[in-house]
Amino acid sequence: MKGKKINGAFAKMYRSSQYRIWMWLLGFFTMLVTYVVYRSKKGKDAFAEMKEALRGQEEMQSLKEKFYQDALVQVRKKNEYFKKTVSETEVQKQAKAIAEKNFEQLLQDKAKEKAEMQGMHEITVVSCYAGLMANPVFMIASFVLSFPMYILMILYMRPIAKYVTERLFLMIFVLFGVTWLVFTILYIAPMDAATNILGQTATQEQIDTFNHVYGLDQPYLTQLVKTFKNLITFDLGNAYQGNEPVMAAIMAKFPVTMQVTFSSMIVALLIAVPAGIISAIKPYSSFDYIAMFIALLGLSIPNFWLGLMFILEFSINLGWLPATFQPDQLVTLILPAIVVGTGMSASIARMTRSSMLEVKNSDYILTARAKGLPEKKVVLKHILGNALIPIITTVGMSFGGLMGGASVTEKVFNINGIGSYIVDKQFIPDIPVVLAGVVYISFVVSLMNLLVDILYAFIDPRIKSKMKNY
């Protein structure tokens, strides 16, 4: 059974050109032996003999001549339409090539049809692999020497693992593409990092020394290759300003950003989901109008203004909450979480309402009510459950954006997070920090996209079924 599964996975992977390349890279020994066996057998089996016998039949030769005459007409009409002057020899050459291609395809199809009727099979790379795997010695050698290919095969046989692997692989291209784009923009930007850091009074010798130390006097390609090398080795270099390691600085600020993100998301969900559900169940009611009006206000009011108003009222006038953030004091998270969460809750509440309204009038909801199910179960299980996909998308994208740092809110509450760190450095421009920030944000957003896509499969059985056949 396992052998059949492995052979089936090999056949499916070999049909894909991308996977075929990876099979050669990761399982060179197995692929090389299989290909050598295939080439040694090709053209010497019963299928090849039957194909050659078909080729010699008078009926097939007359079809070949017909293909040639049709191709001649086709090539002449094409040249006439595009007003091309082509010699008769060239026309005949093109027609012969077209006729040969069509004839070989027809011959292959007829040979396969006849072979199936007689219980014969064509020699292919896949059939050669299956034959070799029946030999225990080759099988053990293949598992040992080509184990990376079998790891890939195991992932391929599990649809969700295959989907995740492909998305993670694409993420690598996204990270390199974003890095290249941002580096190029910063390279051609008219900002001078040396002058901005050393000051306007710096001498030309000091500026040249700064550029030489950080490699800014190197050609574009040299700097770009060095940047890619740093990305591969996870060594993001040192910041121009302060000379601190960029990776260490981002990792130090990451827990702070996580605290703000999670607390804000909790506030947003606590406000948005109940408000959206009630608005959808009781549309055009007083609650609906008030809730959607507040949601519109939440979308319209900038976070920095709301933050300043909260500080003025709750910190300065009432003295209830601290105005600035302290990492070791959870109470200082309340104001930033409410400010960011309120803005985010507006879009989630509106999405919850509109998604549930679409589902609410479906036939299966009417059926559920007609069967006498409790209203609470109808709302929470059938309406909300089937409206979750767009809600989760909105929550996931908002979460990914917040992980990149709410720079304005961080500035207002003096939060030492990633967002404000990147914004501070981009005007220098401190290229290592900006590039690291962009790579970090790209990675987080791509990862959140992937998690949201996987969540779809657990929520919607239709998507789960499609993913199983992925």
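Provided above is the structure to which this section pertains.
Everything numeric in this text was worked out from a predicted model, so none of it was measured.

Asker: So what's going on with the overall build of the protein? Which residues, and what values?
Answerer: The helix and strand inventory of the protein stands at 24 helices and 0 strands. A globule of 470 residues ought to have a C-alpha radius of gyration of about 23 Å, yet the protein, at 33 Å, is considerably larger. In terms of its C-alpha atoms, the protein occupies a principal-axis envelope of roughly 100 × 85 × 65 Å. Taken over 470 residues, the protein has a buried fraction of 38%.

Asker: Can you explain the nonpolar core? Please cite residues and give values.
Answerer: V246, I250, M344, I348, M356 and I383 are the most contacted members of the largest nonpolar core, which totals 37 residues. For this core, the secondary-structure elements that each account for two or more residues are α14 (246-281), α17 (334-360), α18 (363-370), α19 (375-386), α20 (388-403), α22 (418-426) and α23 (431-459). It is α14 that provides the largest number of residues to this core, a total of 8 residues. Core analysis: the next-biggest nonpolar cluster, separate from the first, contains 22 residues, M13, Y38, C128 and Y129 among them.

Asker: How would you explain the packing of aromatic side chains if you had to name every residue and give the values?
Answerer: Summed over the entire model, instances satisfying the criterion amount to 22 aromatic pairs. Measuring from centroid to centroid gives 6.0 Å for F10 and Y14, while their planes differ by 10 degrees, and the two rings are stacked. You can see F10 and its partner Y14 sitting in helix α1 (residues 2-15), 4 residues apart, about one turn around the helix. On the basis of relative accessible area, F10 is assigned to the buried category, the value being 0%.

Asker: Which residues make up the layout of surface pockets, and what values go with them?
Answerer: Taken as a whole, the largest pocket holds about 580 Å³ of empty space. Around the largest pocket, the lining is made up of 23 residues, and of these L175, F234, V439, Y440 and F443 lie nearest the centre. Going through the elements one at a time, α10 (159-188), α13 (220-232), α14, α20 and α23 are the ones with two or more residues in the lining of the largest pocket. At 8 residues, the largest contribution of residues to the lining of the largest pocket is made by α23. Taken together, the residues that form the lining of the largest pocket break down as 23 nonpolar, no polar and no charged.

Asker: How would you explain the side chain of T261 if you had to name every residue and give the values?
Answerer: Tracing the backbone through its elements, the reader meets T261 in helix α14. The residues touching T261, leaving out its near neighbours within four places in the chain, are F399, L402 and M403.

Asker: Explain the environment of V126 to me, using residue names and the numbers behind them.
Answerer: Structurally, V126 can be placed in helix α7 (residues 125-133). Owing to a relative accessible area of 24%, V126 belongs among the partly exposed residues under this scheme. Between the C-alpha atom of V126 and that of R15, which follows or precedes it by 111 residues, the distance is 9.5 Å. Ignoring any residue separated from it by four or fewer positions in sequence, one finds V126 in contact with F10, A11 and Y14.

Asker: Tell me about helix α12 (residues 204-213), residues and numbers included.
Answerer: Residues I207, F210 and N211 constitute the buried set of α12. Seen from one end, α12 has its buried residues packed into an arc of 95 degrees, which puts them on one side. What points out from α12, more than 90 degrees from its buried face, is the exposed set E205, H212 and V213. In this structure, the buried residues of α12 make contact with α11 (193-198). Where α12 ends, the next residue or the one after it, G215, has phi of about 75 degrees, a positive value.

Asker: Hey, could you go over the pattern of salt bridges for me, with residue numbers and the actual values?
Answerer: Taken as a whole, this structure holds 8 salt bridges when the rule is applied. D453 serves as the salt-bridge partner of R167, at 2.4 Å between the closest nitrogen and oxygen. Taken as a pair, R167 in helix α10 and D453 in helix α23 lie far apart in primary sequence, 286 residues in all. The exposure class of R167 is partly exposed, given its relative accessible area of 23%. Taking relative accessible area as the criterion, D453 reaches 18% and is therefore assigned buried. Linked through salt bridges whose partners overlap, the residues forming this network are E52, R55 and E104.

Asker: Can you break down the packing of helix α2 (residues 17-26) against helix α3 (residues 28-41) residue by residue, with the values?
Answerer: Remark: α2 packs on α3, axes separated minimally by 5 Å, with the N-to-C direction vectors making an angle of 105 degrees. For the element pair α2 / α3, the angle class is roughly perpendicular. Residue-level contacts link M23, W24 and L26 of α2 to F28, M31, L32 and Y35 of α3. Class assignment for the residues of the contact of α2 with α3 results in 7 nonpolar, no polar and no charged.

Asker: Can you break down a nonpolar patch on the surface residue by residue, with the values?
Answerer: A cluster of nonpolar side chains, I21, W22, L25, F169, L170, I172 and F173, forms an exposed patch at the surface whose accessible area comes to about 710 Å². Contributions of two or more residues to the nonpolar patch are made by α2 and α10. The element contributing the most residues to the nonpolar patch is α10, with 4 residues. For L170, the location among the structural elements is in helix α10.

Asker: Before we move on, can you summarise helix α9 (residues 147-157) with the specific residues and values?
Answerer: Among the residues of α9, those classed as buried are M149, Y150, L152, M153 and Y156. Taken around the axis of α9, the buried residues stretch over an arc of 155 degrees, which confines them to a single face.

Asker: Outline unusual backbone geometry, supporting the account with residue identities and numerical values.
Answerer: Comment: phi is negative for the bulk of residues other than glycine, and the bulk of peptide bonds are trans. Positive phi values are uncommon outside glycine, yet Y284 reaches one of about 60 degrees. With respect to the helices and strands, Y284 occurs in the loop between α14 and α15 (286-300). Its identity is not glycine, yet N414 carries a phi of approximately 55 degrees, on the positive side. Considering the arrangement of structural elements, one finds N414 in the loop between α21 (407-412) and α22.

Analysis parameters
Residues numbered from 1 in each chain as written. Predicted model: local features only at pLDDT ≥ 70, side-chain atom pairs only at ≥ 80, totals over all residues. Heavy atoms only, no water. Helix = DSSP H or I, 4+ residues; strand = E, 2+ residues; numbered from the N terminus. Rg over C-alpha atoms; globule rule 2.2 N^0.38 Å. Buried < 20%, exposed > 50% of the residue type's maximum accessible area, 1.4 Å probe, protein only. Core = buried A, V, L, I, M, F, W, Y, C linked by side-chain atoms within 4.5 Å. Phe/Tyr/Trp six-rings, centres within 6.5 Å; stacked < 30°, edge-to-face > 60°. 1 Å grid on protein atoms, 1.4 Å probe; cavity = no way out; pocket = protein on both sides within 12 Å on 5 of 7 lines; lining within 4 Å. Points joined across faces, edges and corners; volume = space filled by probe spheres on them. Nonpolar A, V, L, I, M, F, W, Y, C, P; charged D, E, K, R; others polar. Contact = heavy atoms within 4.5 Å. Arc of directions from axis to C-beta. Salt bridge = Lys/Arg side-chain N within 4 Å of Asp/Glu carboxyl O. Axes fitted to C-alpha atoms, helices over the stretch in contact; angles between N-to-C directions. Parallel < 35°, antiparallel > 145°, perpendicular 65-115°, else oblique. Patch = residues over 30% accessible without salt bridge, like charges linked within 9 Å, V, L, I, M, F, W, Y side chains within 5 Å. Areas by Shrake-Rupley, 256 points an atom, 1.4 Å probe, with all protein chains shown as cover.

These values are about where atoms sit, not about what they do.
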